[in-house]
Amino acid sequence: MSRTFASLGYFNYRLWFAGALVSNVGTWMQRVAQDWLVLTVLSQDSGIAVGTVTALQFLPFLLLGPFAGVLVDRVDQRKLLIATQVAAGALGVGLGAIVLAGHAELWHVYVFAFGLGVVSAVDVPARQTFVAALVPAEGLPNAVGLNSASFNAARLIGPAVAGLTVAWIGIGWVFIVNGLTFAATVVALVVMRRSELVAVERAPREKGQVRQGLGYVRRRSDIIMVMVVVSVVAALGLNFQMTSALMARIEFGRGPEDYGLMGSVLAIGSLGGALLAARRERPRLRLVLGAALLFGLSSAVMASMPTYHLYMAASIAVGFSQLTMLTSANAYVQTTTEPFMRGRVMALYSMLLMGSTPIGAPIIGWVGENVGPRWSIGVGSIAAIAVAIACTMWAVQHWNFEVTYHRHRPVLEFTYPNRVNSRDDAVLRLRAQQIEDSSSQP
């Protein structure tokens, strides 16, 4: 099996990949249907209303992130994921039933979006860290890349299917279908071979575990930088389910089929970025910064495209750079974090990645409604370029960059001595703190 698909050689990961692919198709269908329902049925083309729904769906990441991380580090993640998948499926079916009955109001969507956000605040870090139990440690970067490939293969299919479903039989059925797709992941989790799951160190039940997670991240300037980059880009740049709806409806005068197709074309680049990420043996921090810069530049080009078809063509580069950044950031944080801290660190990562949306989405919605849809993308473009340049300048100043040009190979080699020492120091201090805490207990 090629290096790109190496993780599929493990039975449990094959089950996980297949189940996740099915449920991810449903998730993307619901995202498209939810925004189209709010924009065209429950409001008068209000970007603010769409932004509010998006904000409510991601607000629980800010509220629950650190506590969700402690839960993920403590419990059996397979059982936890079964519970979150069942809950997410029930929410999808419930919203679909209300819409089909003709009783849907804007506040209903707000409530269901927040409920789904509560479930996702636990589900996302559990999903991200559970991958470590499905493959050996050396295969984790590949598995993370393939997870992103699954998510974006679904993104290639889901929005287009949702657009057609909305146009042909109505919005409500999209939510019903999404709810049913979660059964695929539940079945995969139930039939896994538990004897083949990789043992992952669990955190003991003790006081101060949230503080330990925060302290670990505080001592890791490299992880802080990754979190800063992804949170700024996510807050102001990764609002495409909203900005694409505004562009399709207002700027280009298109219907739900064309809106769904915009998401699928964006996913072409995202899928390419995810598959390339799966081939990388070791994620690198400089790739996160470079991809963020490329995302900002390509977003600016996309926002300036004069026609619907040129806009979609430009979105391929946006999707590629977006997924390269996110997959590299995810894999870097997971592979450089100690296993017993991984749930808490990934929960903080998810809190900043997803939780920045409640801050950025209403702002972008207001910009789209009052300044114009193109500027709702342009603001994110400017923010991505600025944070990539600022973080690079900070690293040059504080990490003692050593840049070596290999004459016989046309490449530049970057090393960051202080970053490695910072990581080792963080681990040693955390272990010392745990020993001190345990010795002070009666």
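Note that the structure is predicted; figures quoted are calculated from it, not measured. (Residues numbered from 1 in each chain as written. Predicted model: local features only at pLDDT ≥ 70, side-chain atom pairs only at ≥ 80, totals over all residues. Heavy atoms only, no water.)

Novice: Tell me about the overall build of the chain, residues and numbers included.
Specialist: Each helix and strand counted, the chain has 16 helices and 2 strands in total. The proportion of buried residues among the 442 residues of the chain is 55%. Partitioning the contacts of the chain with sequence separation of at least 6, the portion at a separation of at least 24 is 85%. When the accessible surface of the chain is summed, it comes to about 18000 Å², and 65% of that surface belongs to carbon and sulfur atoms. (Helix = DSSP H or I, 4+ residues; strand = E, 2+ residues; numbered from the N terminus. Buried < 20%, exposed > 50% of the residue type's maximum accessible area, 1.4 Å probe, protein only. Contact = heavy atoms within 4.5 Å. Areas by Shrake-Rupley, 256 points an atom, 1.4 Å probe, with all protein chains shown as cover.)

Novice: Account for the environment of Ala143, naming residues and giving values.
Specialist: On the secondary structure map, Ala143 appears in helix H5 (residues 140-168). We classify Ala143 as buried; its relative accessible area is 0%. Sequence separation between Ala143 and Leu8 is 135 residues, and the spatial gap between their C-alpha atoms is 8.4 Å. Here Ala143 is in contact with Ser7, Tyr13, Val131 and Val135, once residues within four sequence places are set aside.

Novice: Lay out helix H2 (residues 47-74) with the relevant residues and their values.
Specialist: A turn of α-helix holds 3.6 residues, and therefore any two residues three or four places apart point the same way. For H2, which comprises 28 residues, the first-to-last C-alpha distance of 40 Å matches the rise-based estimate of 40 Å (1.5 Å per residue) to within 8%. The principal kink in H2, of about 70°, is found at Leu64, preceding the proline Pro66 by one to four residues. With a side-chain oxygen positioned 3.4 Å from the backbone nitrogen of Ile48, the residue opening H2 is Ser46. (Expected span 1.5 Å × (residues − 1). Bend = angle between axes of the 7 residues up to and from the residue. Polar contact = N/O pair within 3.5 Å; in protein donor to acceptor, adjacent residues only side chain to side chain.)

Novice: Describe the packing of helix H8 (residues 221-236) against helix H15 (residues 373-398), and please don't skip the residues or the numbers.
Specialist: Closest axis-to-axis distance for the H8/H15 pair is 8 Å, and the angle between their directions is 165°. Taken as axis vectors, H8 and H15 run roughly antiparallel relative to one another. The interaxial crossing formed by H8 with H15 has right-handed handedness. Residues Ser221, Met225, Val228, Val229, Val232, Val233 and Leu236 of H8 touch H15, and the partners they reach there are Ser376, Val379, Gly380, Ala383, Ala384, Val387, Cys391, Trp394 and Ala395. Grouping the amino acids of the contact of H8 with H15 by side-chain chemistry returns 13 nonpolar, 3 polar and no charged. (Axes fitted to C-alpha atoms, helices over the stretch in contact; angles between N-to-C directions. Parallel < 35°, antiparallel > 145°, perpendicular 65-115°, else oblique. Left-handed = near helix turned anticlockwise from the far one by under 90°. Nonpolar A, V, L, I, M, F, W, Y, C, P; charged D, E, K, R; others polar.)

Novice: I'd like a description of the nonpolar core, backed by residues and values.
Specialist: If you look at soluble globular proteins, the nonpolar side chains tend to sit buried side by side. With 80 residues, the main nonpolar core has Val226, Val229, Val233, Tyr311, Met325, Val345 and Tyr349 as its most contacted residues. At 10 residues, the largest contribution of residues to this core is made by helix H12 (residues 308-335). Aside from chain neighbours lying at most four places away, what touches Val345 is Tyr216, Val217, Ile223, Met227, Val333 and Thr337. In this structure, Val72, Leu81, Ala133 and Val135 belong to the second largest nonpolar core, which totals 23 residues. (Core = buried A, V, L, I, M, F, W, Y, C linked by side-chain atoms within 4.5 Å.)

Novice: So, H15: which residues are in play, and what are the values?
Specialist: Here H15 spans 39 Å end to end across 26 residues, near enough to the 38 Å set by a 1.5 Å rise per residue. Taken residue by residue, H15 has Pro373, Ser376, Ile377, Gly378, Gly380, Ser381, Ala383, Ala384, Val387, Ala388, Cys391 and Ala395 as its buried positions. For H15, the secondary structure elements touched by its buried residues are H8, helix H9 (240-251), helix H11 (285-303), H12 and helix H14 (357-370).

Novice: Kindly report on the confidence of the model for the chain, identifying the contributing residues and their values.
Specialist: Confidence in the prediction of the chain, expressed as mean pLDDT, is 82, and 87% of residues score 70 or more. Between residues 416-442, whose pLDDT stays under 50, and residues either more than four places distant or in other chains, the model counts 36 contacts. (pLDDT = per-residue confidence, 0-100.)

Novice: Account for the pattern of salt bridges, with residues named and values stated.
Specialist: For the coordinates displayed, the defined rule picks out 5 salt bridges. The shortest N-O distance in the salt bridge between Glu196 and Arg193 comes to 3.1 Å. On the basis of relative accessibility, which here comes to 40%, the residue Glu196 falls in the partly exposed class. Using a relative accessible area of 39% as the deciding quantity, one classes Arg193 as partly exposed. (Salt bridge = Lys/Arg side-chain N within 4 Å of Asp/Glu carboxyl O.)

Novice: Explain the packing of H2 against H14 to me, using residue names and the numbers behind them.
Specialist: Following both chains from N to C, one finds H2 and H14 inclined at 175°, their axes separated by 8 Å at the closest point. Of the possible angle classes, the one that applies to H2 and H14 is roughly antiparallel. For the pair H2 and H14, contact is made by Gly47, Ile48, Gly51, Thr54, Ala55, Phe58 and Leu59 and by Thr357, Pro358, Ala361, Pro362, Gly365, Trp366 and Glu369, respectively. Partitioned by chemical class, the residues of the contact of H2 with H14 number 8 nonpolar, 5 polar and 1 charged.

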